[in-house]
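An overview of the molecular structure
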Amino acid sequence: MATERTFSIIKPDATRRNITGAVTAMLEKAGLRVVASRRIRMTREQAEGFYAVHRERPFFSDLVSFMTSGPVVVQVLEGEDAVALNRKVMGATNPKDAEEGTIRRAFAESIEANSVHGSDSLDNARIEIDFFFSADEIVG
Ligand code: CMP
């Protein structure tokens, strides 16, 4: 196992319900360390750019609208096997499929309002971290 960094977003459904601390506590309890964090309101351009890989999907327009509907917290998480560990603690994209003990099982409202995003690979983690953070904002 290697120490990795991954990228996380606490989504607007979670900021709206004031549960960013509860979500972060679950990340920390799983063994992840928050080494960068910023609360932002994503612009449409940022959301479209960040989710460009989903541009052709039928849910793209709704996804961009949702992600710009309220504040989000963008984070860099560090830990052993951080990419896989974060995906494990997030749970399945659709909360109906998410296992007990996961963030989405505990908090997600729907497949769209599913409380958190996490990078799906180490390569994408690097791209997504670079999208929102400069090197001097990440303090490990
Ligand atoms: P996320 O990990 O942020 O990446 C893309 C997001 O699209 C995903 O989480 C879901 O919240 C959202 N989404 C909305 N509808 C769907 C769908 N039908 N299938 C997959 N993802 C969806």
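Above this note sits the structure.
What this report covers is the structure whose coordinates are included nearby.

Analysis parameters
Residues numbered from 1 in each chain as written. Predicted model: local features only at pLDDT ≥ 70, side-chain atom pairs only at ≥ 80, totals over all residues. Heavy atoms only, no water. Near = heavy atom within 4 Å. Polar contact = N/O pair within 3.5 Å; in protein donor to acceptor, adjacent residues only side chain to side chain. Areas by Shrake-Rupley, 256 points an atom, 1.4 Å probe, with all protein chains shown as cover. 1 Å grid on protein atoms, 1.4 Å probe; cavity = no way out; pocket = protein on both sides within 12 Å on 5 of 7 lines; lining within 4 Å. Sits in = over half its atoms within 2 Å of the grid points. Nonpolar A, V, L, I, M, F, W, Y, C, P; charged D, E, K, R; others polar. Core = buried A, V, L, I, M, F, W, Y, C linked by side-chain atoms within 4.5 Å. Buried < 20%, exposed > 50% of the residue type's maximum accessible area, 1.4 Å probe, protein only. Helix = DSSP H or I, 4+ residues; strand = E, 2+ residues; numbered from the N terminus. Contact = heavy atoms within 4.5 Å. Arc of directions from axis to C-beta. Salt bridge = Lys/Arg side-chain N within 4 Å of Asp/Glu carboxyl O. Phe/Tyr/Trp six-rings, centres within 6.5 Å; stacked < 30°, edge-to-face > 60°.

On to the site of the ligand, then. Lining the immediate environment of the ligand, one finds Lys 11, Tyr 51, His 54, Phe 59, Leu 63, Thr 93, Arg 104, Ile 111, Glu 112, Asn 114 and His 117. One nitrogen or oxygen atom from the main chain of Ile 111 is found 2.7 Å from an oxygen atom belonging to the ligand. Summarising the interface, the protein chains cover 79% of the accessible area of the ligand, which totals 450 Å² for the free molecule. Structurally, the ligand is housed in the largest pocket. Its residues assigned to classes, the shell around the ligand comprises 4 nonpolar, 4 polar and 3 charged.

Glancing now at the nonpolar core. Membership of the largest hydrophobic core comes to 22 residues, with the highest contact counts inside it found for Phe 7, Ile 9, Met 42, Met 67, Val 74, Phe 132 and Phe 133. Counting only elements with at least two residues in this core, the list comes to strand S1 (3-10), strand S2 (33-40), helix H3 (44-50), helix H4 (60-67), strand S3 (72-80) and helix H7 (122-132). Counting residues per element, this core draws most heavily on H4, which supplies 5 residues. Discounting residues that sit within four places of it in the chain, Met 42 has contacts with Ile 9, Ala 47, Met 67, Thr 68, Val 72 and Phe 132. Core analysis: the second largest hydrophobic core is formed by 14 residues, Ala 14, Val 23, Met 90 and Phe 107 among them.

Taken together, the buried positions of H4 are Phe 60, Leu 63, Val 64, Phe 66 and Met 67. Down the axis of H4, the buried set is contained in an arc of 165°. They therefore lie on one face. In this structure, the buried residues of H4 make contact with S1, helix H1 (12-16), H3 and S3.

Turning next to the pattern of salt bridges. One side chain can pair with another of opposite charge once the charged atoms of both are near each other. Going through the model one piece at a time under the given rule, you end up with 8 salt bridges. Note that Arg 17 and Glu 109 form a salt bridge whose closest N and O atoms lie 3.4 Å from each other. Of the two residues, Arg 17 sits in the loop between H1 and helix H2 (20-29) while Glu 109 sits in the loop between helix H6 (103-107) and strand S4 (116-118), which places them 92 residues apart along the sequence. Since its relative accessible area comes to 29%, Arg 17 is described here as partly exposed. Of the charged contacts, one joins Arg 126 and Asp 123 as a salt bridge, the two residues approaching to 3.6 Å between their closest N and O atoms. Of the two residues, Arg 126 and Asp 123 both sit in helix H7, 3 residues apart, roughly one turn of that helix. A residue is classified by how much of its surface remains accessible, and Asp 123, at 53% relative accessible area, is exposed. Connected through shared salt-bridge partners, Asp 13, Arg 16, Arg 17 and Glu 109 make up one network.

It is worth spelling out the packing of aromatic side chains at this point. Within the structure shown, the criterion is met by 6 aromatic pairs. Arranged with centres 5.0 Å apart and planes meeting at 85°, the rings of Phe 50 and Tyr 51 form a pair that is edge-to-face. A relative accessible area of 9% places Phe 50 in the buried class. Here the aromatic rings of Phe 50 and Phe 131 are separated by 5.8 Å at their centres, their planes lie at 70°, and the arrangement is edge-to-face. Of this pair, Phe 50 sits in helix H3 while Phe 131 sits in helix H7, placing them 81 residues apart in sequence. Look at Phe 131 and you get partly exposed, because its relative accessible area is 37%. Through a chain of ring-to-ring contacts, the aromatic side chains of Phe 7, Phe 50, Tyr 51, Phe 131 and Phe 132 assemble into a single cluster.

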